[in-house]
Amino acid sequence: MTCTQRQEQTLSGLERIRVAAAKDKNLRFTSLMHRITVDLLRDSYNSLKRDAASGIDNMTWKEYGEKLEISLVDLHNRVQSGRYRAMPSKRIRIPKPDGRERPIGIATPEDKVVQQAVVQVLNQIYEETFLGFSYGFRPGRHQHNAPDAVWVGIMQRKAGWVLDADISGFFDAIEHGWPMKFIEHRVADPGMLNLIRKWLRETEGNDHSKYLRTVTRKRY
């Protein structure tokens, strides 16, 4: 099977999820884990940043790819059998413009691959639900689009006031039961839910907030 054929097969499987999600906004998906295939894991690996910093295992994207096919088959088997375990994130701090520091966590390449695969599956469901003014952590969008939308709203439409609000450390401090309840509104696959719980439980005290933001973006 060629790379293009594999991609078409993967996309057709994911597209079926999107079509079902669009058809029924209240549908709970009971069978999603089988969509996490070796091909999807490979696509997820190829979508990662090549020059990203290494995680706690000190392995780079390139090093993980040296035995990619063997690694992906093994990873797929562990994910599907429930033997996959996430590693703790490497904690670093980066400076903010105001002089403070922002703590971030860097996952291992393997954890990034699985997380990206899960996000690709969940995107098929939630992209049919999210409203147009939501920009963060969505495919084809980013936070820099939001100021452009604000500018259009202020300059080309009638606007009486602008509200700017932020919750400090929200995704670092949120009680994990709430995002799980949010996900369970649309996802009822025990394997998928257990996989997400593992990330939340086994990385307690570490920053996987980027993944948490991705799967719990508000739709209103």
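First things first, this report covers the structure right here in the doc. (Residues numbered from 1 in each chain as written. Predicted model: local features only at pLDDT ≥ 70, side-chain atom pairs only at ≥ 80, totals over all residues. Heavy atoms only, no water.)

Some thoughts on the overall build of the protein
Inclusion rule: The way it works is that DSSP assigns letters per residue, a run of H or I at least four long becomes a helix, a run of E at least two long becomes a strand, and they are numbered from the N terminus. A 1.4 Å probe rolled over the protein chains alone gives each residue an accessible area, and that area as a share of the maximum for its type sets the label: buried under 20%, exposed over 50%, partly exposed in between. Whether two residues touch is decided by their heavy atoms; if any such pair falls within 4.5 Å, the residues are in contact.
Within the protein one finds 10 helices and two strands. Taken from the N to the C terminus, the helices and strands of the protein come in the order α-α-α-α-β-β-α-α-α-α-α-α. A buried classification covers 36% of the 220 residues belonging to the protein. Pairs at least 24 residues apart make up 73% of the contacts formed inside the protein by residues separated by at least 6 positions.

Quick notes on the nonpolar core
Defined as follows: In this text, buried Ala, Val, Leu, Ile, Met, Phe, Trp, Tyr and Cys residues form a nonpolar core when linked through side-chain atoms within 4.5 Å.
Counting residues in each nonpolar core, the largest one holds 39 residues, and the members touching the most others are Ile-36, Val-187, Met-192 and Leu-195. Of all the elements in the fold, those that place two or more residues in this core are helix 1 (3-23), helix 2 (38-47), helix 3 (61-64), helix 4 (68-81), helix 5 (109-126), helix 8 (177-184) and helix 9 (190-202). Contact partners of Leu-195, with chain neighbours within four places excluded, come to Met-33, Ile-36, Val-79, Tyr-84, Val-114 and Val-118.

Things to note about the environment of Leu-75
Following the sequence through the fold, Leu-75 ends up in helix 4. For Leu-75, a relative accessible area of 0% gives the class buried. Taking the C-alpha atoms as reference, Leu-75 lies 8.7 Å from Leu-41; in sequence the two are 34 residues apart. When near neighbours in sequence (up to four residues on either side) are disregarded, Leu-75 contacts Leu-41, Tyr-64, Tyr-84, Glu-110, Val-113 and Val-114.

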